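# Coordinates in review
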Amino acid sequence: MMIPLALVRPGSTVRVIEIRGGRGVYSKLRSLGIIEGKILKVISSINGGPVIVEIADSIGSSPRIVLGFGMCMKIFVEEA
Amino acid sequence: MSKKEGYIVALAGVPNSGKSSIFNKLTGGRAWVGNWPGVTIEKKIGTMRINSIEIEVVDLPGIYGLTAYSLDEIIARNFIVEENPDLVIVVVNATNLERSLYLALSILELEANTIVALNMVDLAEEQGIVIDHEKLSELLGIPVIPTVAVTGSGLKKLRELILEYVGRSKGRTNIVDYGYDLERAIRDVEKILQENVPEIIRKYPSRWISIKLLEWDEDVIRKVKSYAGGNEVIRKVEKIRAELQNKIDDLELFMTERRYQTILNIVKEVIKQTKAKGVTWTDLLDSILTHRFLGIFSAIAVLYMLFRFAFEISTPFVDLFSILINGYLHNRILGLKFLPSWLASLLADGVTNGVGTVVSFLPLIMMFFLGLAFLEDVGYMTRIAYLVDKLFSKFGLSGKTVIPLVIGFGCNVPAVMATRTIEDENERKTAALIAPLATCSARLPVYMVIAYAVFRQVAGAVVLSMYIWSVALALLVALALRKLVFKGPSAGFVMEMPPYIMPRSDIIGMKMWERSKRFLYKAGSVILIGVIFIWLLSVTGPSGFLGANALSSPRLLEHSWTGLLGKAFSETIFRPLNWDWRISVALIFGFIAKEIVVGTMAILYGIGESGLPAALAKLHAFTPVTGYAFMIFVLIYVPCIATIATIRSEMGSKYAVMAVAYELILAYTLALAVISFGHLLGVM
């Protein structure tokens, strides 16, 4: 089932299915390495607030990325 | 390398790649800081000298790619395509090759003469990542040199490479293969460019322009349209795009994916992960420090410790400074018999006391910024930004704004400048305008004096309440500004959260000095002019020159322009607030800088600063209500002219006037509200 990243429980690992947003949002996420198909690990989140993710399938270590609530409502993911 | 003077080298890199450290190491820390044309994004230029050849190093903004969506990225790519630097050094973060390579590929597509500094290889190895840099160099087709900027390892080699490669020309690269259909389309577009706008491909790489046109990059479209025949090209490209979209529905996404595929192939070949990822310090710390409840408590505790650290360590130095400057130096100048008395007074009472009082805060500011630089470099401030983001977003700000605000508790001038890191234009302007509401260290002595004079036992709580007001008002004013002036949706909040590291003392020291320097510089310029002006108004009056000792004589001062001005204020606009003329004068002087307020009151009440609280209490200069109103007023109204000057230079005169206007109106209204509330409760 596809849900927005904002609603994912911390500790889960999810796959990015779709990014719904303007080209600006899109390109920004992409340049950070968040693109369709990537596996994200949700490290921590605040209800109705930002989410910290890590790109789980990157080679080497992935720095953590903080995504604001608005951003997370545009990233649709699926349990991986 | 040909023999030519005036080489320009551009330094590019993703945020947190250690680009600034490389810049500092190459240029020896000597940099000229300005703005990129038309925007308030910082441009740093330094010079490096190798074998008597001088090379200018331009630090490009930290970016992830070269798209047209972010101002930083447009600036960087325009610099590369328009200014044609003789060499581009891409600083690549070895702990996260994947992300850094996206930028490197984008720069290679620009056909710039490029070398790679593979930085932080030590950290990568600690994490079990070993990179075959020779293989990487082979795959990218450009030199790659491993470096550790903070220790200087590899820097000598980097200099040699710069010398060797600077000024070389670079041919076209097909580093990314976009697949059969797109490659054909790229060739078609190149041919169209060749036929219709040959000038453009003499100036820019034609493959790059073609790729960008197919991606529908608005900035490049604008560029092409500015040439005769450009509109024709765009029409043809639209047709090609329409045809392609029969096969590929999202061209831009497809092209990004091809680039990522190229990166993944490279990464797989060059990286050997020797250790599995284990639980790191960062994991452990973050499980507490970014916890939704524990995190908030930790943040409050950490910030409290920052203040305590700054105040405890600096107090003896501040005292020493003020004894040396306001006591010793002041008296020595007055004692110089060869100076005419007016000049001695100007130098001693005006310049030394005025600027000296401001400068005596330097140790406090330095300690505060030292602690803050430590927290920033450890990586903690980004955690605070994360924690407050939800709250701040309700007021139209993102969590990033917390950093300028915290800086503002030290000094508002660097706080206004720190808003530069906020990408969203509306948000940045809002942040710059609310930064003065962060109650800076100069306002604290005013609170202390009043609190000890009138509130005694609860003085601590009363002073603390000012800090709460400060944050609350900053957020509320931000909300008003976002609703009324800087409208528009918030840009999405995205921020990298680097792993915790033990910062290096020289880097922290440099950061601390950079901010403290701004404070010092402002004290020496704007505030100096301000105090001279006030001195003039104080030693003269309607009857002419009152004598050089006017400033130490409350009786004479009463008849100066300043005294009259104070009376005019206390009898009219400040009348409902019940502040006498001396307090009014202190507030007028405080317009220059808050550091001057306490000193002025001491002079006007004819008493030393240390005895001031007792004297104010004895004279009943303030009731609890008028005292609290005074503190509120001091919190809100113009922090100092230096801050206003900074807002002006960052954003223009219009916003500087706006800042002054809202601060004065808000300060007066709230002070009046405190008084009215006091009346209501019957305490006066």
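So, how was this worked out
Residues numbered from 1 in each chain as written. Chains lettered and ligands numbered in written order. Predicted model: local features only at pLDDT ≥ 70, side-chain atom pairs only at ≥ 80, totals over all residues. Heavy atoms only, no water. Helix = DSSP H or I, 4+ residues; strand = E, 2+ residues; numbered from the N terminus. Rg over C-alpha atoms; globule rule 2.2 N^0.38 Å. Buried < 20%, exposed > 50% of the residue type's maximum accessible area, 1.4 Å probe, protein only. Contact = heavy atoms within 4.5 Å. Areas by Shrake-Rupley, 256 points an atom, 1.4 Å probe, with all protein chains shown as cover. Domains from an automatic or database assignment. Buried area = accessible area lost by both parts, 1.4 Å probe. Salt bridge = Lys/Arg side-chain N within 4 Å of Asp/Glu carboxyl O. Polar contact = N/O pair within 3.5 Å; in protein donor to acceptor, adjacent residues only side chain to side chain. Nonpolar A, V, L, I, M, F, W, Y, C, P; charged D, E, K, R; others polar. Phe/Tyr/Trp six-rings, centres within 6.5 Å; stacked < 30°, edge-to-face > 60°. Core = buried A, V, L, I, M, F, W, Y, C linked by side-chain atoms within 4.5 Å. Pairing = 2+ DSSP bridges. Axes fitted to C-alpha atoms, helices over the stretch in contact; angles between N-to-C directions. Parallel < 35°, antiparallel > 145°, perpendicular 65-115°, else oblique.

Our focus in this paragraph is the overall build of chain A. Secondary structure summary: chain A contains two helices and six strands in total. For chain A, the N- to C-terminal ordering of α and β elements is β-β-α-β-β-β-α-β. Its C-alpha atoms give chain A a radius of gyration of 11 Å, near enough to 12 Å, the size a compact globule of 80 residues would have. Projected onto the principal axes, the alpha-carbon positions of chain A cover approximately 30 × 25 × 25 Å. Residue burial in chain A is summarised as follows: out of 80 residues, 60% are buried. A separation of at least 24 residues holds for 52% of the contacts in chain A among residues at least 6 apart in sequence. When the accessible surface of chain A is totalled, it reaches about 2,900 Å², and 55% of it is carbon and sulfur.

A few words now on the domain arrangement of chain B. Residues and elements named next belong to chain B. By the assigned domains, chain B splits into domain 1 (7-165) and domain 2 (180-247). When each unit is reduced to the centre of its C-alpha atoms, the spacing between domain 1 and domain 2 is 29 Å. Each partner contributes to the interface: domain 1 provides eleven residues, whereas domain 2 provides eleven residues. Carbon and sulfur atoms supply 48% of the area that domain 1 and domain 2 bury against each other, a total of about 940 Å² over both sides. Its largest share of buried area at the contact with domain 2, domain 1 owes to Arg 77, Glu 82 and Glu 109, together 45% of the area lost on that side. Counting the contacts that link domain 1 with domain 2 gives four salt bridges. Glu 82 is paired through a salt bridge with Lys 223; the nearest N and O atoms lie 3.6 Å apart. Linking domain 1 with domain 2 are four residue pairs in polar contact (both at pLDDT 80 or more). Broken down by element, the residue count for the side of domain 1 that touches domain 2 peaks at five residues, all from helix 2 (residues 71-83). Of the residues in the side of domain 1 that touches domain 2, the class split is five nonpolar, two polar and four charged.

The interface is formed by 38 residues belonging to chain B together with 36 residues belonging to chain A. Here chain B meets chain A over a buried area of about 3,500 Å², counting both sides, of which 53% is carbon and sulfur. Sorting the residues of chain B by area buried against chain A places Arg 292, Tyr 386 and Val 494 of chain B first, and these three jointly supply 18% of that buried surface. Linking Arg 64 of chain A and Asp 283 of chain B is a salt bridge whose minimum nitrogen-to-oxygen distance equals 2.3 Å.

This paragraph deals with the pattern of salt bridges. Residue and element names in this part refer to chain B. According to the stated counting rule, one finds 35 salt bridges over all chains in the structure shown. Between Arg 235 and Glu 232 there is a salt bridge, with the nearest N and O atoms lying 3.0 Å from each other. Of the two residues, Arg 235 and Glu 232 both sit in helix 11 (residues 230-244), three residues apart, roughly one turn of that helix. Note on Glu 232: relative accessible area 31%, which makes it partly exposed. Linked by salt bridges that have partners in common, Arg 77, Glu 82, Lys 203, Asp 217, Asp 219, Arg 222 and Lys 223 make up one network.

We now examine the environment of Gly 590 of chain B. Residues and elements named next belong to chain B. Relative to the helices and strands, Gly 590 resides in helix 27 (residues 581-590). Separated by 51 residues in the primary sequence, Gly 590 and Ile 641 have C-alpha atoms spaced 9.3 Å apart. Not counting chain neighbours up to four residues away, the residues in contact with Gly 590 comprise Val 597, Tyr 637, Val 638 and Pro 639.

Here the focus is the packing of aromatic side chains. All names here are of chain B. By the definition in use, this model includes 16 aromatic pairs over all chains. Judged by centre distance (5.2 Å) and plane angle (25°), the ring pair of Tyr 102 and Tyr 260 falls under stacked. With Tyr 102 in helix 3 (residues 97-109) and Tyr 260 in helix 12 (residues 251-270), this pair connects stretches of sequence that are 158 residues apart. What makes Tyr 102 buried here is its relative accessible area of 5%. Relative accessible area serves as the criterion here: at 4%, Tyr 260 is assigned to the buried category. With a centroid separation of 5.6 Å and 45° between ring planes, the pair formed by Phe 569 and Phe 574 is classed as tilted.

With that out of the way, let us pick up the nonpolar core. Residues and elements named next belong to chain B. Formed by 138 residues in total, the largest nonpolar core has its most connected members in Phe 368, Ile 450, Trp 579, Leu 616, Phe 622 and Phe 630. With eleven residues, the single largest contributor to this core is helix 22 (residues 459-484). In contact with Phe 622, not counting residues within four places along its chain, are Ile 450, Val 454, Trp 579, Ile 583, Leu 616, Gly 627 and Phe 630.

What the seven strands build is an open sheet, ordered 1(A)-6(A)-2(A)-3(A)-4(A)-5(A)-10(B); its pairing is antiparallel. Of all strands in the sheet, those bounded by a partner on one side alone are strand 1 (3-4) of chain A together with strand 10 (494-497) of chain B. As paired elements, strand 1 of chain A and strand 6 (residues 75-79) of chain A share two bridges and run antiparallel to each other. Its bridge partner lying in strand 6 of chain A, Ile 3 of chain A is registered against Val 77 of chain A.

Turning our attention to the environment of Arg 64 of chain A. Its place among the elements puts Arg 64 of chain A in strand 5 (residues 64-67). For Arg 64 of chain A, a relative accessible area of 6% translates into the label buried. Sequence separation between Arg 64 of chain A and Gly 49 of chain A is 15 residues, and the spatial gap between their C-alpha atoms is 16 Å. With residues near it in sequence (within four places) discarded, Arg 64 of chain A still touches Ile 43, Ile 52, Val 53 and Glu 54 of chain A together with Thr 282, Asp 283, Asp 286, Met 495, Glu 496 and Met 497 of chain B. Only 3.1 Å separates the side chain of Arg 64 of chain A from the side chain of Asp 286 of chain B, close enough to count as a polar contact.

So, about the pairing of strand 2 (residues 13-19) of chain A. Residue and element names in this part refer to chain A. Judged from the three bridges that link them, strand 2 and strand 3 (residues 39-45) form a sheet pairing that is antiparallel. The residue of strand 3 that forms the bridge with Thr 13 is Lys 41. Note: strand 2 against strand 6, five bridges, orientation antiparallel. Looking at strand 6, one finds that Glu 18 is bridged to Phe 76.

Residue and element names in this part refer to chain A. If you trace the backbone, Ile 39 turns up in strand 3. When the C-alpha atoms of Ile 39 and Gly 11 are compared, they prove to be 13 Å apart, with 28 residues separating the residues in sequence. The residues touching Ile 39, leaving out its near neighbours within four places in the chain, are Thr 13, Val 14, Arg 15, Glu 54, Ile 55, Ala 56, Asp 57 and Ala 80.

You can see Ser 21 of chain B is positioned in helix 1 (residues 19-27). Non-local contacts of Ser 21 of chain B, meaning those with residues more than four positions away in its chain, are made with Ala 149, Val 150 and Ile 507 of chain B.

Moving on to the pairing of strand 4 (residues 53-59) of chain B. All names here are of chain B. Most of strand 4 sits inside the fold, with five of its seven residues counted as buried. Taken together, the five bridges between strand 1 (residues 7-13) and strand 4 define a ladder with parallel strand orientation. If you follow Leu 11 over to strand 4, its bridge partner there is Asp 59. Bridging between strand 3 (residues 42-50) and strand 4 involves seven bridges; their strand directions are antiparallel. Note that in strand 4 the partner of Lys 44 across the bridge is Asp 59. Hairpin connection between strand 3 and strand 4: a loop of two residues separates the two successive antiparallel strands, and Asn 51 in this loop has a positive phi of roughly 45°.

Another point: the packing of helix 1 (residues 23-31) of chain A against helix 12 of chain B. The geometry of helix 1 of chain A relative to helix 12 of chain B is characterised by a closest axis approach of 12 Å and an angle of 5° between their N-to-C directions. If you check the angle between helix 1 of chain A and helix 12 of chain B, you find them roughly parallel. Contacts from Arg 23, Tyr 26, Arg 30 and Ser 31 of chain A of helix 1 of chain A reach helix 12 of chain B at Glu 252, Leu 253, Thr 256 and Tyr 260 of chain B.

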